[in-house]
Amino acid sequence: MARVVRIFKTLRNHWKKSTVGFCLLGYGGNWMYGKYCDNLLMRAACQEAQTYGNKPMHPSMAVKKATVFLNPAACKGKARALFEKNAAPILHLSGIDVTVVNTDYEGQAKKLLELMEDMDLIIVAGGDGTLQEVITGLLRREDQASFCKIPIGFIPLGLTNTLGHTLHPQTDNKVQRISEATLSILKGETIPLDVLQIKGEKEQPVFAVNGLRWGSYSDTSAKASKYWYLGPLKARAAHVFSILKEWPQQHKSSIFYLGPTERPPEESEQKPARPPLYARIYRRLALYWSPPKVEVQDEPVPEPWEEMQISAVELSFATQNHEPDIKRTMDSMKICIEPDTVGRGEFIRLGTQKTTDPTLHSADSQILHASRCYLQLPQGTGGHFSIDSEEYEAMSVEVTLLPRKLRFLCHPDKKAQLMQSSTGAVQS
């Protein structure tokens, strides 16, 4: 008992050291408990992946081949370690023949995809920028019609993983997020997503699954990293310095756009049954003896283009992939025109929020739905486009919606949720 009393007296007499010691002990205990929980998550994920690898295969079946495009520079250089620790074991245990391609410089994934052949799966391990490079290289191929049928998996390893919110359940635990995204690839559930084709006058087209932004919010967000020493206040500081440098901030342009288009019916994956021999012979004889048909050329119907002059603080073209409606009957992209009458306080508040959620916009923004659009910028316009969080030189471009162009692997729960919400919207 006397020993316990002496310990308490020592703690009381050295209360500063004791407080620091207890804080360090609590932090260390919490860190160790977090590591223990992460190990349990990875063990469960590896056991689930092994069930796929242990499934018997028919002798005539070939092992699935997957190519992983890994951006080691993503997540401030931590992407390689995150992938090798949390995703690679799951992929290897599943029995898939995995080839990992590390991208060493910007634009390398586009060039590599032009040469790639014989793939069953494409897996993107990185952020929005890596995904944008991969789909651009894929859709620039001459045989892109056949390569578009290859399912694409996305493992969110970057600082911005916008599409991850659509494909996978959201969690703050990084290990759980990566392991569940990798398991979603093995489960094979896919959803079709739209793509935007962005083409300048001379450059090759660029493709995006999220969208294009041009204006003050995107320019200021790109400069926020300059104020890294301010920590969590760097985004707000960037917007404060932006209004001190220039106000009001206006971006003038003109757009020509076409309205939404009706969605064509889904193509059946099953080939129709071949008609019997006598039916095929009769059809060929009927075509041979029938008189030639005179083709009557229909007069071309002019497309209903609409024109609008714009003065905005920001203009954006976005797909509807962040909240896809699988059962919708009309295909369109969303054009958001944010007015340049916004106040300074609102600009700082909304701009700071947009750094984490680019889909936000002010309540008085004008929303248009279009299937195709021409954006014309005045001569001498500077600045940059933000295309899926990657910077491109601002110029006059044509933006075209490619509906349901690519199929992405998603979590079964997310697909069921999308199906349920789409069915509810149709019934209402």
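This report concerns the structure included in the present document.

Calculation criteria
Residues numbered from 1 in each chain as written. Predicted model: local features only at pLDDT ≥ 70, side-chain atom pairs only at ≥ 80, totals over all residues. Heavy atoms only, no water. Helix = DSSP H or I, 4+ residues; strand = E, 2+ residues; numbered from the N terminus. Buried < 20%, exposed > 50% of the residue type's maximum accessible area, 1.4 Å probe, protein only. Areas by Shrake-Rupley, 256 points an atom, 1.4 Å probe, with all protein chains shown as cover. Core = buried A, V, L, I, M, F, W, Y, C linked by side-chain atoms within 4.5 Å. Contact = heavy atoms within 4.5 Å. Patch = residues over 30% accessible without salt bridge, like charges linked within 9 Å, V, L, I, M, F, W, Y side chains within 5 Å. Salt bridge = Lys/Arg side-chain N within 4 Å of Asp/Glu carboxyl O. Lys, Arg positive; Asp, Glu negative; His and termini not counted. Charge placed at Lys NZ, Arg CZ, Asp CG, Glu CD. Expected span 1.5 Å × (residues − 1). Phe/Tyr/Trp six-rings, centres within 6.5 Å; stacked < 30°, edge-to-face > 60°.

1. Considerations on the overall build of the chain
Line of reasoning, step 1. Helix and strand counts for the chain stand at 15 helices and 17 strands.
Line of reasoning, step 2. Counting every position in the chain, which comprises 428 residues, the buried fraction comes to 42%.
Line of reasoning, step 3. Accessible surface for the chain amounts to roughly 25,700 Å². Of this, 55% is attributable to carbon and sulfur atoms.

2. Remarks on the nonpolar core
Note that soluble globular proteins tend to have their nonpolar side chains buried in a common cluster.
Line of reasoning, step 1. Ile 122, Leu 406 and Phe 408 are the most contacted members of the largest nonpolar core, which has 30 residues in total.
Line of reasoning, step 2. For this core, the secondary-structure elements that each account for two or more residues are α6 (108–113), β3 (121–126), α7 (128–139), β4 (152–156), β5 (190–199) and β17 (397–409).
Line of reasoning, step 3. No other element matches α7, which puts five residues into this core.
Line of reasoning, step 4. Not counting residues up to four positions away in its chain, the partners in contact with Phe 408 are Leu 131, Ile 135, Ile 152, Leu 163, Leu 167, Glu 189, Thr 190, Ile 191, Leu 193 and Val 209.
Line of reasoning, step 5. Counting 29 residues, the second-largest nonpolar core is a separate cluster that includes Ala 49, Cys 75, Val 98 and Leu 183.

3. Considerations on helix α14 (residues 344–354)
Line of reasoning, step 1. Along α14, the residues classified as buried are Phe 347, Ile 348, Leu 350, Gly 351, Thr 352 and Lys 354.
Line of reasoning, step 2. Residues of α14 that are buried in the fold lie against β7 (211–215), α11 (216–222), α12 (234–245), β10 (306–318) and β12 (333–339).

4. Some words on the environment of His 168
Line of reasoning, step 1. Here His 168 lies in the loop between α9 (164–167) and α10 (174–187).
Line of reasoning, step 2. Spatially, the C-alpha atoms of His 168 and Ala 181 are 6.2 Å apart, while their sequence positions differ by 13 residues.
Line of reasoning, step 3. Each residue touching His 168, except ones within four places of it in the same chain, is listed here: Phe 154, Pro 156, Ala 181, Ser 184, Leu 409, His 411 and Lys 414.

5. Side note on a nonpolar patch on the surface
Line of reasoning, step 1. On the surface, Leu 277, Ile 281, Leu 285, Tyr 288 and Trp 289 cluster together into a nonpolar patch covering about 650 Å² of accessible area.
Line of reasoning, step 2. By the element assignment, Leu 285 lies in helix α13 (residues 277–289).

6. Brief notes about a positive patch on the surface
Line of reasoning, step 1. On the surface, a cluster of positive charge is contributed by Lys 76, Lys 78, Lys 174 and Lys 234.
Line of reasoning, step 2. Checked against the element boundaries, Lys 78 lands in the loop between α3 (74–77) and α4 (79–86).

7. Observations concerning α7
Line of reasoning, step 1. In a regular helix each residue adds 1.5 Å, so twelve residues correspond to 16 Å; α7 covers 16 Å between its end C-alpha atoms and thus fits that length.
Line of reasoning, step 2. Among the twelve residues that make up α7, twelve are buried, leaving the element largely enclosed by the rest of the structure.
Line of reasoning, step 3. Looking only at α7, the buried set comprises Asp 128, Gly 129, Thr 130, Leu 131, Gln 132, Glu 133, Val 134, Ile 135, Thr 136, Gly 137, Leu 138 and Leu 139.

8. Some points on the packing of aromatic side chains
Line of reasoning, step 1. Overall, the coordinates contain six aromatic pairs when judged by the stated rule.
Line of reasoning, step 2. Ring plane angle 20 degrees and centroid distance 5.0 Å describe the contact between Tyr 217 and Phe 347, whose orientation is recorded as stacked. Placement of the pair is Tyr 217 in helix α11 and Phe 347 in helix α14, with a sequence separation of 130 residues.
Line of reasoning, step 3. Here Phe 347 falls in the buried class, since its relative accessible area comes to 0%.
Line of reasoning, step 4. A ring pair is formed by Trp 247 and Phe 347, whose centres lie 5.6 Å apart and whose planes are at 70 degrees; its orientation type is edge-to-face. A residue pair is termed long-range when its members are at least 10 positions apart, and Trp 247 in the loop between α12 and β8 (251–258) and Phe 347 in helix α14 qualify at 100 residues.
Line of reasoning, step 5. Each member of the aromatic cluster is reached from another via a ring pair, and the members are Tyr 227, Trp 228, Tyr 229 and Phe 241.

9. Looking at unusual backbone geometry
Line of reasoning, step 1. A positive phi angle, near 60 degrees, is found at Lys 76, a position not held by glycine.
Line of reasoning, step 2. Of note, Lys 76 is situated in helix α3.
Line of reasoning, step 3. Positive phi, close to 70 degrees, is recorded for Ser 389, a residue that is not glycine.
Line of reasoning, step 4. Summarising the element assignment, Ser 389 is placed in the loop between β15 (384–387) and β16 (390–393).

Geometric values such as these leave the question of function open.
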